[in-house]
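A look at the structure
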Amino acid sequence: MFVDVLLDRPLPAPLVYRLDESNAGSHVIGSCVVVPLGREETIGIVIGFNAAPTIDAAKVRSVRRVVASVAPLSQHWLALTRFAADYYQHGWGEVAVPALPPLLRKVPGTRFEASLARARAKSDLQALPPRDKAVQLTTEQREAVGAIGSARGFAAFLLHGVTGSGKTEVYLEAIAERLLESESAQALVLVPEINLTPQFEARLRARFAGLPIVSLHSGLPDAERTAAWLAAHEGRARVVLGTRLAVFASLPRLAMIVVDEEHDASFKAGDGVRYSARDVAVKRAQMADLPVMLGSATPSLESWRQAREGRYTLLTLPARAGAGATRELPSVECVDLRAEAPVQGLAPPVRDALATCVAARDQAIVFINRRGYAPVIACAACGWVSVCRRCTTFAAFHKTDATLRCHHCGWQTRVPVVCPTCGNPALAAVGHGTQRVEEALHELLPAARVERIDRDTTQRRHAARDALAAVHAGTVDVLVGTQMIAKGHDFRRVALVAVLNADSQLVAPDFRAPERLFAVLMQVAGRAGRAGQPSKVLVQTRFPGHPLFAALARLDYRAFAERELADRAAARMPPFVSQALLRAEARSLETALDFLRAAALEGGKVAGASAIALYDAVPMPLAKLAGVHRAQLLVESVSRPALQRWLPIWLQRVREMRFSPRVRWQIEVDPQEI
Ligand code: ADP
Ligand code: ZN
Ligand code: ZN
């Protein structure tokens, strides 16, 4: 007997192996198997029998063993991973095998069997019925729950509501209804970041006391993640909460999917198979014929368009939930930097507001999307600036340890005492980062307790959690930080949020930059006023007339989205066209560009090329990263199916292209950063 086996290798097709008759029942399809590959053993997944291998039967190697302790993966799961592989232009095995848990992927040995036994022993939790509702839902929340509850088969919902409007309560209630319908139904909840799982898990546990709930993300130790995966796979876990990788969890009794903060860029994988967990979640719901709910205060324009064109049902939560007036939304104002010259990065109205806020014993957040002390240091005498030795970018000044650091490749060096070119001892820090703002705040408010949260302060495990706990406990007056502070945390006493460098994103080259800026500003605005006191958001900008700020001032996502969508439609940009990005890396920029030009030429010859726009090959915004030169080629079509038909043929020709010197390349479908 021969079987086709998926392996985690960039192969055009599964590999054929021989299987003993004794192992070859029909249940073997979907099973994990240990197979020889070269001189190694590796794990694979059987996808079917192969009646007539095209290679010499004598050369076909044998499956070493079937991992009988793990039940076969379902046809639905196989179909899902196959869809994702095809759509994102990778091998099926490159999607399916990495979706298996770590201990299973590392050729399961005795450690695996032991953890399996432990996991099963631990999980005989009784599935108690969900506890009574903790809150009385508002009319809008009830309508949203009702809409999802009455859905039969596939239906997609977009739940739009500002932070604190009660979206999570809607998810919990909708899940409760589904889980009550059947003894064994499972729900999948995706959140964008590991940091957000503990809070969400706590709410799930409070709501569903006794119900088996597991978390699934890459921050877990291997054994724990494996146990969680098995609990899902074996139907023991009723709710699976996870980050993007959980979208490929095996869930035999899946009944509904929730994607919280669906707009978040973290749902798109940054390397390997660059899938969008949000998009895969919708597809999964469609393939399994069940409802999916996407929630956000600032939906992605892709989802917004689906909703306005009627493919998703839009559900809106109008305002903050809870006791009416005590949960007022903040007022948002621009501070015009052209009229109010900043002192140490802080414009006078912002300085005044901070002083007033602290005097009133309220908390303030200062948001600046840049860590370090200053993004660059410069010599006024000769024009020298600090740059990374390995990238085409500046090296940031970190005052706390007197280093210059590249935030892209990690390169660092001691900060020079004098200018390296002319010897001038007066080097100046240019611009502001979190460290410099922290210093300015200490000067401005000497009595205030200031805390900083960014990637540098949170190196230590739990550092971020401890710092956030201090904010919650009220032992911090002013919190300075990067976008790490923008997400999800429910600060109680924040009366002021100051946003310092919004403009850097307003004028960025990536067409999605304004969308991301609006989302993050809505999110930081959402930090203010949660305890009911009047609160204020101040945004420092040189472009106070920009329509983005007008929409922000009214916390009006809809106005922003409609305008931005109209612009995108007029400019023929996503979501009105589908894109893919071919990236090349080489020892020189010319090589990378030449490769892409050759690839573009091939692309023009492929059948169906008339429906595809091939742009010029260009250097990437960060043209050199860690010594490697990088260029990109954008391809797009108004027709997603046309692009999907053309891509695999094109990429096959690119693979066969004879091109030297060496170039590494990768494809990203639906690229999020261009
Ligand atoms: P979101 O997920 O939109 O940020 P949450 O569901 O977390 O909003 O709700 C914000 C806060 O309001 C939570 O503390 C929640 O318990 C509370 N809340 C939500 N809905 C209601 C309601 N109908 N009545 C009272 N409190 C509510
Ligand atoms: Zn100099
Ligand atoms: Zn660098």
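The numbers attached to residues start from 1 for each chain and follow its sequence in the written order. To label them, take the chains in the order written and letter them from A, then take the ligands in the order written and number them from 1. Predicted model: local features are reported for residues with pLDDT of at least 70 only, side-chain atom pairs are reported and counted for 80 or more only, and whole-chain, interface and lining totals are derived from all residues. Hydrogens and water are ignored here; the side-chain numbers use all heavy atoms of the structure.

**Topic: the overall build of the protein**
Regarding its fold elements, the protein presents 19 helices and 28 strands. Taken over the C-alpha trace, the protein has a radius of gyration of 27 Å; the compact-globule value for 674 residues is 26 Å, and the two agree within 12%. Counting only C-alpha atoms, the protein reaches 80 × 65 × 50 Å along its principal axes. Think of it in three bands: residues with accessible area under 20% of the maximum for their type are buried, residues over 50% are exposed, and the middle band is partly exposed, with areas taken using a 1.4 Å probe on protein chains only. Counting the 674 residues in the protein, one finds 54% classified as buried. Note on contacts: a residue pair qualifies if any of its non-hydrogen atoms lie within 4.5 Å across the two residues. Taking the intrachain contacts of the protein between residues at least 6 apart in sequence as the baseline, contacts between residues at least 24 apart amount to 75%. Computed with the Shrake-Rupley method and a 1.4 Å probe, the accessible areas treat only the protein chains shown as cover for residues. Just so you have it, the protein exposes about 28900 Å², and 53% of that area is on carbon and sulfur atoms. Neither His nor the chain ends contribute to the count of charged residues, in which Lys and Arg are positive and Asp and Glu negative. Note on charges: their place is set at NZ of Lys, CZ of Arg, CG of Asp or CD of Glu. Distance from the positive charge centre (82 side chains) to the negative charge centre (66 side chains) of the protein: 3 Å. In this description a helix means any DSSP run of H or I spanning at least four residues, a strand means any run of E spanning at least two, and both kinds are numbered starting from the N terminus. Note that the radius of gyration is over C-alpha atoms, with the globule rule given as 2.2 Å times the number of residues to the power 0.38.

**Some details on a nonpolar patch on the surface**
Taken together, the side chains of V385, V387 and F394 present a nonpolar region at the surface, about 240 Å² in accessible area. Here V385 shows up in the loop between β15 (376-379) and β16 (396-398). Patch building starts from residues that exceed 30% relative accessible area and form no salt bridge, then joins like charges within 9 Å and nonpolar side chains (Val, Leu, Ile, Met, Phe, Trp, Tyr) within 5 Å. The term salt bridge refers to a pairing of a side-chain nitrogen on Lys or Arg with a carboxyl oxygen on Asp or Glu at a separation within 4 Å.

**Some words on the coordination of the zinc ion (ligand 2)**
The donor definition counts N, O and S atoms within 2.8 Å of each metal and applies 3.2 Å to Na, K and Ca; water is not among these atoms, so some sites may look incomplete. Those donors, C379 (SG), C382 (SG), C419 (SG) and C422 (SG), are the protein atoms that reach the zinc ion (ligand 2), and they lie 2.3 to 2.4 Å from it. Given 4 donor atoms and angles of 102 to 115° at the metal, the environment of the zinc ion (ligand 2) is assigned as tetrahedral. Counting along the primary sequence, the residues that act as donors to the zinc ion (ligand 2) give the motif C-x2-C-x36-C-x2-C. Residue C422 is classed as partly exposed on the basis of its relative accessible area of 38%. In these descriptions, tetrahedral denotes four donors with every angle between 85 and 135 degrees, square planar four donors and octahedral six donors with opposite donors over 155 degrees apart and the rest between 65 and 115, and irregular any other case.

**A look at the packing of aromatic side chains**
The pairing test for Phe, Tyr and Trp rings, Trp by its six-membered ring, is centres within 6.5 Å, and the orientation test on the planes gives stacked under 30 degrees, edge-to-face over 60, and tilted for anything in between. As enumerated under the stated definition, the model contains 10 aromatic pairs in all. Judged by centre distance (5.0 Å) and plane angle (70°), the rings of F248 and Y275 are edge-to-face. Here F248, found in the loop between β9 (239-242) and β10 (254-260), pairs with Y275, found in the loop between β10 and α9 (277-288); they are 27 residues apart in sequence, far enough to count as distant. The burial state of F248 is the same as that of Y275; both residues are buried. Put simply, the rings of W304, F518, Y557 and F560 touch in pairs and so form one group of aromatic residues. We call a charge positioned above a ring when the Lys NZ or Arg CZ atom is no farther than 6 Å from the ring centre and deviates by at most 35 degrees from the ring normal. Above the ring of F83, the side-chain terminus of K283 is found at 4.9 Å from the ring centroid.

**Notes on the coordination of the zinc ion (ligand 3)**
Ideal coordination angles are 109.5 degrees for a metal with four donors arranged tetrahedrally and 90 or 180 degrees for a metal with six donors arranged octahedrally. Those donors, C388 (SG), C391 (SG), C406 (SG) and C409 (SG), are the protein atoms that reach the zinc ion (ligand 3), and they lie 2.3 Å from it. Metal-centred angles of 105 to 117° between the 4 donor atoms at the zinc ion (ligand 3) mark the site as tetrahedral. Sequence spacing of the donor residues for the zinc ion (ligand 3), all on one chain, is C-x2-C-x14-C-x2-C. One end of the pair, C388, is in the loop between β15 and β16; the other, C409, is in the loop between β17 (403-405) and β18 (412-414), and 21 residues separate them in sequence. Under the relative-accessibility criterion, C388 is labelled buried at 5%.

**Here we look at the environment of R630**
Mapped onto the fold, R630 is located in strand β27 (residues 628-637). Using a relative accessible area of 13% as the deciding quantity, one classes R630 as buried. Sequence separation between R630 and R583 is 47 residues; the distance between their C-alpha atoms is 7.1 Å.

**Describing the packing of helix α1 (residues 75-87) against α9**
Their axes nearest at 10 Å, the elements α1 and α9 cross at an angle of 140°. Taken together, the axes of α1 and α9 lie oblique to each other. The chirality of how α1 crosses α9 is right-handed. In this structure, α1 contributes H76, W77, A79, L80 and F83 to the contact, and α9 contributes V280, K283, R284, M287 and A288. Each residue belonging to the contact of α1 with α9 can be placed in one class, and the counts come to 7 nonpolar, 1 polar and 2 charged. Under this scheme, a helix contributes an axis fitted over its contacting stretch, all axes are lines through C-alpha atoms, and angles between N-to-C directions fall in the 0 to 180 degree range. By definition in this entry, angles of less than 35 degrees are roughly parallel, angles greater than 145 are roughly antiparallel, angles of 65 to 115 are roughly perpendicular, and the rest are oblique. For a crossing to be left-handed, the near helix must be turned anticlockwise from the far one by less than a right angle; the clockwise case is right-handed. Note that Gly is not counted as nonpolar here; it falls among the polar residues with everything else outside the nonpolar set of Ala, Val, Leu, Ile, Met, Phe, Trp, Tyr, Cys and Pro and the charged set of Asp, Glu, Lys and Arg.

**Quick look at the sheet that holds β17**
DSSP-based pairing: two strands are paired if at least 2 bridges between them are found. Reading across from one edge, β16-β17-β18 is the order of the 3 strands in this open sheet, with antiparallel pairing throughout. Edge positions in the sheet fall to β16 and β18, since each has one partner strand and no second. Mean inter-strand twist for the sheet, computed between neighbouring axes without regard to direction, equals 30°. The pairing of β17 with β18 spans 3 bridges and is classified as antiparallel. By the bridge assignment for β18, T403 is matched with R414.

**Concerning the domain arrangement of the protein**
Note that the domain bounds were set by an automatic or database domain assignment. For the protein, the domain assignment lists domain 1 (2-99), domain 2 (139-317), domain 3 (329-374 + 431-567) and domain 4 (578-669). Here domain 1 and domain 2 have C-alpha centroids that lie 29 Å from each other. Counting residues at the interface gives 17 residues for domain 1 and 20 residues for domain 2. Buried area adds together the accessible area that both of two parts lose upon being put together, with accessible area traced by a 1.4 Å probe. Taking both sides of the interface into account, the surface hidden between domain 1 and domain 2 amounts to around 1500 Å²; carbon and sulfur atoms contribute 74%. Together, H76, L80 and Y88 form the three largest contributors to the area buried by domain 1 at its contact with domain 2, with a combined 38%. Applying the counting rule to domain 1 against domain 2 returns 0 salt bridges. A 3.5 Å cut-off defines polar contacts: any pair of N or O atoms within that distance qualifies, except that in protein one atom must be a possible hydrogen donor and the other a possible acceptor, and neighbouring residues in sequence count only when both atoms are side-chain atoms. Seen at the junction of domain 1 and domain 2, the total is 4 residue pairs in polar contact (both at pLDDT 80 or more). Those elements giving two or more residues to the side of domain 1 that touches domain 2 turn out to be α1 and α2 (92-96). Considering every element that reaches the side of domain 1 that touches domain 2, the biggest residue donor is α1, with 7 residues. A per-class count over the side of domain 1 that touches domain 2 returns 12 nonpolar, 4 polar and 1 charged.

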